[in-house]
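# Structural overview for review
Chain residues, written in single-letter form:
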Amino acid sequence: MSAGEQTGARPDRESSDAPIEHRFGPYGGQFVPETLMPALAELEQAWLQARDDGTYRAQLDCLLRDFAGRPTPLYRARRLSERAGRPVYLKREDLNHTGSHKLNNALGQVLLAKRMGKRRIIAETGAGQHGVATATVCALLGMECVIYMGVQDTRRQLPNVQRMELLGATVHPVDAGARTLKEATSAAIRDWVTNVESTHYVIGSVVGPAPYPALVRDLQRVIGDEARAQILDREGRLPARVVACVGGGSNAIGTFAAFIDDEDVELVGVEAGGEGIDTGRHGAPLTVGGRAGILHGSRSAIMQDEEGQIIQAHSVSAGLDYPGAGPQHAHLRDTGRARYVAVTDAEAIAAFEEITRLEGIIPALETAHALAWVLAQDDGELDLVCLSGRGDKDLAEVLGQGRA
Amino acid sequence: MSGVRTTGAERIAESFAGTSKRAALMPYLMGGFPTLEESVRIGQACVEGGADVLELGMPYSDPLADGPVIHAAGTEALQAGANVAGVLEVARALADSVPVVLMCYANMVYAPGVEAFVERLDQSGACGLIVPDLPQAESAEVLAACDRRDLALVPLVAPTTTTESLALIGARARGFLYTVSVVGTTGERRALGERFAEVVARAKACTDVPVALGFGISTPAQAVQAADAGADGVIVGTRLVRAAGEGDDPAVAVGLVVSELAAGLAPTDQRSAS
């Protein structure tokens, strides 16, 4: 045990009977075929043991430091702060190896899978950042890797497809539905149902059946833990607002987790407004509200019709193009602890360009949603934004949109 | 309906007990594929071909337990306009001639509210409900609602299911125990899963209701193997959905395959069943 560890992947727990949350208020659960239930139990047990195991922690901490490059900087964005009229700090997950926060989770889960004796790793990916992170760790640890990616996303995120293949992963294009993240996730779950005995499924966000939402949060809260210590060190106070983009919501929950108990810190999740909330073509189930539903194994805020068919999301950013969000986000919304807003495609692209020229940082289109919201606020005292990833992968998409 | 109302579980039990075949034949059809009208004809063809229990699929946008053939059929059914009301009409049209069990993913059961969904299902004349993404640990609310209306909530077990879970699931099974023969999704396979006989034996040991084997059974020979292993029922899905998509007349095509399966399952002293 080492309760004082800086990377501490241990959220506060209320009861030793429920060491990993299966439910967040009415949300969460395990809505999967019975075939997978033993694997979920096995994963939960393995995680309970691993996170308190000094060897696992030491391996993970070493890789986070020497391989990923953690801690990532907390950068006071000078010109952005001038433009906003208040200090704005960027938590630079774009400087994490592979270019996004996704590596934090991939390292933790693939290391865990290796401990569990799994030989084969599968993952879904939207923007390709989670796929690249998973393929990277599989190369590092010598594991077989299959990545499911919607055909639409293999097109708009081609550089990441090329990176994954170069890393030795098999990229499996998914040609169903809207050919994006939802279908890629469904395809990965079907693979897992079929190969569950040899395979670990590295879910890339805080979605899916328990224990995934809690497991992925625990592995991502390194973002918030670092950022909280860094802002206290730099400013001697906590931020007034913590802002992050939300697709499934892993960078957001990873950042929020460290601040949830700081009641004066406002938590803001920024979803994909797509072509506008009123058009129905968006990816903002938390913002819109409405009846909860079940998608990919857990109950949460989702986009569905009145009969329960899942509705296709829409976003210019592949990573936010998802009709669900993590169950803990839905609970944070309902309890009023966090609020969720939406930013349109056009606003995100404008912010993508503006931040690039203001700060010399090309943010991921996903992250650009959070930055667009910050740029649009004229109030506030001190904002901390999770710069969840870099935007090199998005150049073709943004330049294409610009010409259209 | 007249006289004393028979519960869904009782109707299903009568079908298992009354079949002359070596195991009850349980065809699956996707509601609304290729159309709702054709679904009714396909269901009737199944009954004429020897179906003892009919499994009716509700098309869903994200069917996690299904392989590509049933997934594609569901997508096509939705594109052709199938909805809950339409598929329940198919159930109603068939319910007098055969016990119908609806297979429907969890989100569609919860969307209108569990109670409301189960009430509509009951009114359609169906006998039971299978929810492939509702494991035992999550099933209490749906089970209670089904029990109140005498509908059988049929649970699934898989080769991976632990002995402890099997006991829990088997004790709460209504109608029959849907025993998944393979670790995987629905779909035709060249051979039954290596462990299918063991899977059947484990299932039978944990429950008093009939054990039906499904996922991956497509030929008369495989159906006979399942019966020989002790399965009380044999579920055939993908093979029939494929037939519905291939033939000029889907009902004729499906009926032909069902008849072959029924003939295969006929007692050994009979040449064929019709």
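Look up: the structure comes first, before these words.
Notes on the structure follow. The structure presented is a predicted model; accordingly, all values stated were derived computationally and were not measured. (Residues numbered from 1 in each chain as written. Chains lettered and ligands numbered in written order. Predicted model: local features only at pLDDT ≥ 70, side-chain atom pairs only at ≥ 80, totals over all residues. Heavy atoms only, no water.)

### Remarks on unusual backbone geometry
- Following Arg-70 of chain A, the chain continues to Pro-71 of chain A via a peptide bond in cis, the omega torsion being 0 degrees.
- Tracing the backbone through its elements, the reader meets Pro-71 of chain A in the loop between α2 (54–68) and β3 (74–76).
- Cis rather than trans, the peptide bond between Phe-33 of chain B and Pro-34 of chain B has omega equal to 0 degrees.
- Along the polypeptide, Pro-34 of chain B turns up in the loop between β1 (24–30) and α2 (36–49).
- For Thr-98 of chain A, which is not a glycine, the phi torsion comes out positive at approximately 75 degrees.
- Here Thr-98 of chain A lies in the loop between β4 (88–92) and α4 (102–115).
- For Phe-215 of chain B, which is not a glycine, the phi torsion comes out positive at approximately 75 degrees.
- Tracing the backbone shows Phe-215 of chain B in the loop between β8 (211–214) and α10 (220–228).
- Among the residues examined, Phe-215 of chain B registers a relative accessible area of 8% and is labelled buried. (Helix = DSSP H or I, 4+ residues; strand = E, 2+ residues; numbered from the N terminus. Buried < 20%, exposed > 50% of the residue type's maximum accessible area, 1.4 Å probe, protein only.)

### Here's the deal with the interface of chain A and chain B
- Taken residue by residue, the interface counts 31 residues in chain A and 36 residues in chain B.
- Taken together, both faces of the contact between chain A and chain B bury some 2,700 Å²; the carbon and sulfur share is 52%.
- Here chain A and chain B share 3 salt bridges between them.
- For Glu-197 of chain A, the salt bridge identified is with Arg-195 of chain B, shortest N-O distance 2.9 Å.
- Viewed at the interface, chain B and chain A are joined by 19 residue pairs in polar contact (both at pLDDT 80 or more).
- Every element with two or more residues in the side of chain A that touches chain B is listed here: α1 (37–51), α8 (181–195) and β11 (292–295) of chain A.
- A total of 6 residues in the side of chain A that touches chain B trace back to one element, the largest contributor, which is α8 of chain A. (Contact = heavy atoms within 4.5 Å. Buried area = accessible area lost by both parts, 1.4 Å probe. Salt bridge = Lys/Arg side-chain N within 4 Å of Asp/Glu carboxyl O. Polar contact = N/O pair within 3.5 Å; in protein donor to acceptor, adjacent residues only side chain to side chain.)

### A few points about helix α12 (residues 250–265) of chain B
All names here are of chain B.
- For α12, which comprises 16 residues, the first-to-last C-alpha distance of 23 Å matches the rise-based estimate of 22 Å (1.5 Å per residue) to within 8%.
- Within the span of α12, buried status applies to Pro-250, Ala-251, Ala-253, Val-254, Gly-255, Val-257, Val-258, Leu-261, Ala-262 and Leu-265.
- For α12, the N-terminal cap is Asp-249; the gap from its side-chain oxygen to the backbone nitrogen of Ala-251 is 3.1 Å. (Expected span 1.5 Å × (residues − 1).)

### Quick look at the state of the cysteines
All names here are of chain A.
- Evaluation of the coordinates by the stated rule reveals 0 disulfides over all chains.
- Among the cysteines around Cys-145, which has no disulfide bond, Cys-138 carries the closest sulfur, lying 3.8 Å off.
- Classification of Cys-145 by relative accessible area gives buried; the value is 4%.
- Between Cys-386, a cysteine without a disulfide, and Cys-245, which holds the nearest cysteine sulfur, the sulfur-to-sulfur distance is 7.2 Å. (Disulfide = S-S within 2.5 Å.)

### Brief notes about the side chain of Thr-255 of chain A
Residue and element names in this part refer to chain A.
- Inspection of the secondary structure puts Thr-255 in helix α10 (residues 250–256).
- The exposure class assigned to Thr-255 is buried, which follows from its relative accessible area of 0%.
- Within the local environment of Thr-255, its side chain forms a polar contact with the backbone oxygen of Asn-251, the two atoms lying 2.6 Å apart.
- Excluding anything up to four places from it in sequence, Thr-255 contacts Ile-223, Gly-224, Val-242, Leu-384 and Cys-386.

### Thoughts on the environment of Ala-351 of chain A
Residue and element names in this part refer to chain A.
- Tracing the chain through its elements places Ala-351 in helix α13 (residues 345–359).
- The exposure class of Ala-351 is buried, given its relative accessible area of 2%.
- Considered as a pair, Ala-351 and Ala-396 are 45 residues apart in the sequence and their alpha carbons are 16 Å apart.
- Not counting residues up to four positions away in its chain, the partners in contact with Ala-351 are Ala-368, Leu-371, Ala-372 and Leu-375.

### Concerning the pattern of salt bridges
Residues and elements named next belong to chain A.
- Under the defined criterion, the tally for this structure stands at 48 salt bridges over all chains.
- One salt bridge connects Asp-383 with Arg-86, and the closest N-O pair in it is separated by 2.7 Å. Linking Asp-383 in strand β14 (residues 383–387) with Arg-86 in the loop between α3 (78–84) and β4, this pair joins segments that are 297 residues apart in sequence. Arg-86 carries the same exposure label as Asp-383, and that label is buried.
- A salt bridge links Arg-333 to Asp-334; the nearest nitrogen and oxygen atoms lie 3.1 Å apart.
- By relative accessible area, which is 44% here, Asp-334 ends up partly exposed.
- A cluster of three or more residues bridged by salt bridges with shared partners is formed by Glu-21, Arg-51, Arg-217 and Asp-218.

All quantities given are derived from atomic positions and should not be read as evidence of function.
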